[in-house]
Amino acid sequence: MSAILLAVQDTYGTVLAQVGNPTPEAPPGSEKILQLVRYLTWFVLLSGICGITYAGGKFAWEKWTGGGLESPKMVAGAMIGGVVATSAGTIMNAVIGT
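As annotated in an unreviewed UniProt entry, the chain carries the name TrbC/VIRB2 family protein and comes from Nocardia tenerifensis.

Right, here's the structure in full:
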């Protein structure tokens, strides 16, 4: 939808009012919120790297000791979580349509 139009017509078909699509504007103080989002994104990426590193070490330990293999699920979960976390902006743009 490229424009939102509100047309009010009188009995003769004359357009009395028309409203165009407003352009989005960032509210005052939004730079602090965007900085917090950037910090959270950095933390999510760091925790994903730590999760994959931990799961890889656990996988090696399980293979070496001959224990049960639970860590491949952890590696897969961390990788899927990382893909979702890094593509969150793209996903939201696709959903919103901007």
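Continuing now.
Engineer: It is not clear to me how the overall build of the chain should be interpreted in this structure. Could you clarify?
Structural biologist: Counting its regular elements, the chain contains 3 helices and 2 strands. Listing each helix as α and each strand as β along the chain from the N terminus yields β-β-α-α-α. By the burial criterion, 5% of the 98 residues in the chain qualify as buried. Residue pairs at least 24 apart in sequence account for 12% of intrachain contacts in the chain once pairs closer than 6 positions are excluded. When the accessible surface of the chain is summed, it comes to about 8,300 Å², and 70% of that surface belongs to carbon and sulfur atoms.

Engineer: Would you take a moment to explain the packing of aromatic side chains for this structure?
Structural biologist: Note on aromatic pairs: each is described by the distance of the centres and the angle between the planes. Applying the stated criterion across every chain, the model contains 1 aromatic pair. Geometrically, the ring pair formed by Trp-61 and Trp-64 is edge-to-face, given 5.3 Å between the ring centres and 70° between the ring planes. Placement of the pair is Trp-61 and Trp-64 together in helix α1 (residues 30-65), with a separation of 3 residues, close to one helical turn. Taken individually, Trp-61 and Trp-64 each receive the classification exposed, so the pair is uniform in this respect.

Engineer: Would you mind showing me how to read the UniProt feature "transmembrane region" (unreviewed entry) in the chain here?
Structural biologist: Mapped onto the present numbering, the UniProt feature "transmembrane region" (unreviewed entry) falls at residues 36-55 and 75-96. Secondary structure content for residues 36-55 is 100% helix and 0% strand, and the end C-alpha separation is 28 Å. Across residues 75-96, the secondary structure splits into 95% helix and 0% strand, with the terminal C-alpha atoms separated by 31 Å.

Engineer: Looking at this structure, I do not really get the side chain of Glu-62. What am I missing?
Structural biologist: Following the sequence through the fold, Glu-62 ends up in helix α1. In this structure, Glu-62 is buried with no salt-bridge partner, the nearest side chain bearing the opposite charge being Lys-58 at 4.2 Å.

So, how was this worked out
- All residue numbers refer to positions counted from 1 along the written sequence of the respective chain.
- Residue-level local features of this predicted model are given only where pLDDT is at least 70; pairs of side-chain atoms are given and counted only at 80 or more, and the full residue set underlies all totals for whole chains, interfaces and linings.
- Side-chain metrics rest on all non-hydrogen atoms present in the structure, leaving aside hydrogens and water.
- Elements are defined by DSSP. Helices are runs of H or I of four residues or more, strands are runs of E of two residues or more, and each kind is numbered from the N terminus.
- Here's how the labels work: a residue is buried when its accessible area is under 20% of the maximum for its type, exposed when over 50%, partly exposed in between, all with a 1.4 Å probe on protein chains only.
- By definition in these notes, contact holds between two residues if any of their heavy atoms fall within 4.5 Å.
- With residues, only the protein chains shown are counted as cover, and all accessible areas are computed by Shrake-Rupley using a 1.4 Å probe.
- Paired rings are identified among Phe, Tyr and Trp, the last through its six-membered ring, by centres lying within 6.5 Å, and are further divided according to the angle between planes into stacked (under 30 degrees), edge-to-face (over 60) and tilted (the rest).
- UniProt positions are given in the numbering used here, feature names are shortened, and annotations may be inferred rather than shown by experiment.
- By the counting rule applied here, Lys and Arg register as positive and Asp and Glu as negative, while His and the ends of each chain are not counted.
- Between Lys or Arg on one side and Asp or Glu on the other, a salt bridge is scored when a side-chain nitrogen of the former is within 4 Å of a carboxyl oxygen of the latter.

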